Amino acid sequence: MGVPRFTRPKGVNEQLSPNLYVANCGPSVGLSYEIIESVFSKFGQVKGVYAADESGVRVIVSYFEVDSAQAALTTLDGHPCPDLGGRSLHIRFSVLQPTSEGQANDSIPVSLVASDLNIPGLYLWHDFVNAKEERELLAAVDDRPWNKLSKRRVQHYGYEFCYDTRNVNTKEQLGELPSFVSSILKRISSLSDLGDSESLAVDQLTVNEYPRGVGLSPHIDTHSAFEGLIFSLSLAGPCIMEFRRYLDGSWIPKATARNDTKVENLDDGSSLIRRAIYLPPRSMLLLSGEARFAWLHYIPHHKIDMVNDDVVRRGSRRVSFTFRKVRRGPCQCEFPQYCDSRR
């Protein structure tokens, strides 16, 4: 497994560690890993922020130095943190558990087509571009400057995505989308099998480069930032994308219920549905409707993935082109429990 595994020490005499177990903090309470890392970076260089479990409300913050972890624990434990929405964090030292490097995660079946996941609004087109077009797109972005984040590189076109607020400033347009994606935009606009009357026009592009073993933290793209269609083109390398739906009690929406659905009951009393799909190079994924507004999407931090009985090694890099349309007014979706416009 590409991500180290940690546990919270048992007993009152906790050993000092550069790793912190942080409760009441994570994507399920609206805090992205990028925001968490920016807050904890004030106390020292952060090696990484990881999920502590499947709840989405507990994370591991891993530092390079023990002193940094101790300073963060002393300052933040039990006190409201203004930079994290005023939440009071509960923090303890955590210890690293031995694991096999590069082990693949085969805890849930991996589908090859979107219809098998039975998530309304989820579509996947294989070979949306050909190998020549893939090479040309990669050459085009490699010829332009990258912005470096903690674990990956990004480029923004149309509008810049602000990771600290998970939103865009609609008053500062960077310009039109680049000419090298014009054929992709034309292909998107010609899609006819969506069954959705919403405009297919997009005006924002984020290009992400993921090195081997680097994934994406679980999140729902901010409702108030973007409209209801999000297209993501995968280039250069494959990956697994997992989808998660947190439920109240054991209730499963009729739109997503099926006989083989496995609902995991978590320690905090909530329930979770997990499904996964394989994204090959040159495929286009569309999140719309329920898939876009109510399901978290997540790319595990693996170097090796299990696709059913097959072992798939990730390439040296994966590059995604994510096309979105910036929202101009409040979101009016049917999922208020996940919608920041309703808060």
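For the structure itself, look to the data block above.
Since we're looking at a predicted model, the values are computed, not measured. (Residues numbered from 1 in each chain as written. Predicted model: local features only at pLDDT ≥ 70, side-chain atom pairs only at ≥ 80, totals over all residues. Heavy atoms only, no water.)

## Brief notes about the environment of Ser224
(1) Moving on: Secondary-structure assignment places Ser224 in the loop between strand 15 (216-219) and strand 16 (229-235).
(2) Moving on: Apart from residues no more than four positions distant in its own chain, Ser224 is found in contact with Asn167, Arg327, Asp340 and Ser341.
(3) Moving on: There is a polar contact of 3.1 Å between the side chain of Ser224 and the side chain of Asn167.
(4) Moving on: Of note is the side chain of Ser224, whose polar atom sits 2.4 Å from the side chain of Asp340. (Helix = DSSP H or I, 4+ residues; strand = E, 2+ residues; numbered from the N terminus. Contact = heavy atoms within 4.5 Å. Polar contact = N/O pair within 3.5 Å; in protein donor to acceptor, adjacent residues only side chain to side chain.)

## Things to note about the sheet that holds strand 9 (residues 122-125)
(1) Moving on: If you walk across this open sheet you meet the seven strands as 9-20-16-24-14-11-10, and the pairing is antiparallel. Strands at the two margins of the open sheet, each flanked by one partner only, are strand 9 and strand 10 (147-148).
(2) Moving on: Relative to strand 14 (residues 204-211), strand 11 (residues 153-157) runs antiparallel, the two being bridged by five bridges. Paired with Arg153 across the strands is Glu209, a residue of strand 14.
(3) Moving on: Set on the sheet, helix 3 (residues 131-142) makes contact with strand 11, strand 14, strand 16 and strand 24 (317-324); between it and strand 24 the angle comes to about 85°. (Pairing = 2+ DSSP bridges. Axes fitted to C-alpha atoms, helices over the stretch in contact; angles between N-to-C directions.)

## Notes on the nonpolar core
(1) Moving on: Counting 32 residues, the largest nonpolar core has Leu122, Phe243, Ile277 and Leu285 as the members making the most contacts within it.
(2) Moving on: Secondary structure elements with two or more residues in this core: strand 9, strand 17 (239-247), strand 19 (271-279), strand 20 (284-288), helix 5 (289-293) and strand 21 (296-299).
(3) Moving on: The greatest single-element share of this core, amounting to five residues, is contributed by strand 17.
(4) Moving on: With 28 residues, the next largest nonpolar core counts Leu137, Ala140, Val181 and Met284 among its residues. (Core = buried A, V, L, I, M, F, W, Y, C linked by side-chain atoms within 4.5 Å. Buried < 20%, exposed > 50% of the residue type's maximum accessible area, 1.4 Å probe, protein only.)

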